[in-house]
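# Observations on the model geometry
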Amino acid sequence: MFLVLASIIAVFLAGAVSGIFAMLVLGIHAEERRAMRVDVGPSRSGAASRRVLSTRTRSDFPDGVKAGR
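The notes below deal with the structure included here. (Residues numbered from 1 in each chain as written. Predicted model: local features only at pLDDT ≥ 70, side-chain atom pairs only at ≥ 80, totals over all residues. Heavy atoms only, no water.)

## Observations regarding the overall build of the protein chain
Definition in use: Every helix listed is a DSSP run of H or I at least four residues long, and every strand listed is a run of E at least two residues long, numbered separately from the N terminus. Burial classes follow relative accessibility: with a 1.4 Å probe on protein chains only, a residue under 20% of its type's maximum area counts as buried, one over 50% as exposed, and anything between as partly exposed. Accessible areas in this description were obtained via Shrake-Rupley with a 1.4 Å probe; residue shielding takes into account the shown protein chains only.
Scanning the protein chain from terminus to terminus reveals 2 helices and 0 strands. Per-residue burial over the protein chain gives 9% buried out of 69 residues. Split by element, the accessible area of the protein chain, about 6,400 Å² in all, is 68% carbon and sulfur.

Encoded structure:
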(Lines give C-alpha, C1' and ligand atoms only; values in the text may rest on other atoms or scores of the structure.)
Protein backbone atom coordinates (compact mmCIF):
# COMPACT_ATOMS: atom_id res chain seq x y z
CA MET A 1 0.00 0.00 0.00
CA PHE A 2 2.78 2.41 0.90
CA LEU A 3 4.60 1.68 -2.37
CA VAL A 4 1.47 2.46 -4.42
CA LEU A 5 0.91 5.73 -2.56
CA ALA A 6 4.55 6.76 -2.98
CA SER A 7 4.34 5.95 -6.70
CA ILE A 8 1.20 8.04 -7.13
CA ILE A 9 2.80 10.99 -5.32
CA ALA A 10 5.98 10.68 -7.40
CA VAL A 11 4.02 10.65 -10.66
CA PHE A 12 1.98 13.68 -9.55
CA LEU A 13 5.08 15.66 -8.59
CA ALA A 14 6.87 14.72 -11.82
CA GLY A 15 3.85 15.90 -13.80
CA ALA A 16 3.70 19.18 -11.89
CA VAL A 17 7.40 19.88 -12.46
CA SER A 18 7.08 18.97 -16.14
CA GLY A 19 4.08 21.28 -16.49
CA ILE A 20 5.90 24.21 -14.90
CA PHE A 21 8.92 23.63 -17.13
CA ALA A 22 6.69 23.46 -20.21
CA MET A 23 5.01 26.76 -19.30
CA LEU A 24 8.41 28.44 -18.89
CA VAL A 25 9.57 27.13 -22.27
CA LEU A 26 6.34 28.31 -23.93
CA GLY A 27 6.73 31.74 -22.32
CA ILE A 28 10.31 32.05 -23.55
CA HIS A 29 9.35 31.07 -27.10
CA ALA A 30 6.37 33.44 -27.09
CA GLU A 31 8.58 36.28 -25.88
CA GLU A 32 11.16 35.57 -28.59
CA ARG A 33 8.47 35.63 -31.28
CA ARG A 34 7.04 38.83 -29.81
CA ALA A 35 10.48 40.47 -29.70
CA MET A 36 10.74 40.12 -33.48
CA ARG A 37 7.65 42.30 -33.88
CA VAL A 38 8.07 45.94 -32.92
CA ASP A 39 4.45 46.96 -32.38
CA VAL A 40 3.43 44.26 -29.85
CA GLY A 41 3.97 44.51 -26.08
CA PRO A 42 4.99 41.70 -23.71
CA SER A 43 2.52 38.97 -22.80
CA ARG A 44 1.66 37.47 -19.42
CA SER A 45 3.60 34.29 -20.14
CA GLY A 46 6.66 36.27 -21.23
CA ALA A 47 6.48 38.48 -18.16
CA ALA A 48 6.11 35.45 -15.88
CA SER A 49 9.06 33.65 -17.46
CA ARG A 50 11.22 36.79 -17.15
CA ARG A 51 10.24 37.14 -13.49
CA VAL A 52 11.02 33.49 -12.70
CA LEU A 53 14.28 33.38 -14.66
CA SER A 54 15.61 36.82 -13.68
CA THR A 55 18.96 37.06 -11.93
CA ARG A 56 18.64 40.56 -10.52
CA THR A 57 20.13 41.20 -7.12
CA ARG A 58 19.63 44.06 -4.71
CA SER A 59 22.61 45.94 -6.15
CA ASP A 60 21.00 45.88 -9.63
CA PHE A 61 18.13 48.14 -8.58
CA PRO A 62 18.48 51.92 -8.94
CA ASP A 63 19.41 53.96 -5.89
CA GLY A 64 16.16 55.91 -6.01
CA VAL A 65 14.11 52.90 -4.96
CA LYS A 66 14.23 52.53 -1.18
CA ALA A 67 12.54 49.76 0.76
CA GLY A 68 11.30 50.09 4.31
CA ARG A 69 10.61 53.29 6.21
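Next comes the rest of the write-up.
## Here's the deal with a nonpolar patch on the surface
Selection rule: Patch definition: residues with relative accessible area over 30% and no salt bridge; like charges joined within 9 Å; nonpolar side chains (Val, Leu, Ile, Met, Phe, Trp, Tyr) joined within 5 Å. We count a salt bridge whenever a side-chain nitrogen from Lys or Arg sits within 4 Å of a carboxyl oxygen from Asp or Glu.
Among the surface-exposed residues, Leu5, Ile9, Phe12 and Leu13 lie close enough to one another that they form a single nonpolar patch of about 430 Å² accessible area. Of note, Leu5 is situated in helix H1 (residues 2-36). Judged by its relative accessible area of 48%, Leu5 falls in the partly exposed class.

## So, the environment of Leu53
Examined against the element boundaries, Leu53 turns out to sit in helix H2 (residues 44-53). Since its relative accessible area comes to 46%, Leu53 is described here as partly exposed. In this structure the C-alpha to C-alpha distance between Leu53 and Leu24, which are 29 residues apart in sequence, comes to 8.8 Å.

## Quick look at H1
Residues spaced three or four apart along an α-helix point in a common direction, a consequence of the helix completing one turn every 3.6 residues. Cut-off, in case you're wondering: In a helix, the anticipated span is given by 1.5 Å times the number of residues less one.
Helix length check: H1, at 35 residues, gives a terminal C-alpha distance of 52 Å against a target of 51 Å (1.5 Å per residue), a fit within 8%. Turning to H1, its buried residues number three or more, namely Leu24, Gly27 and Ala30.

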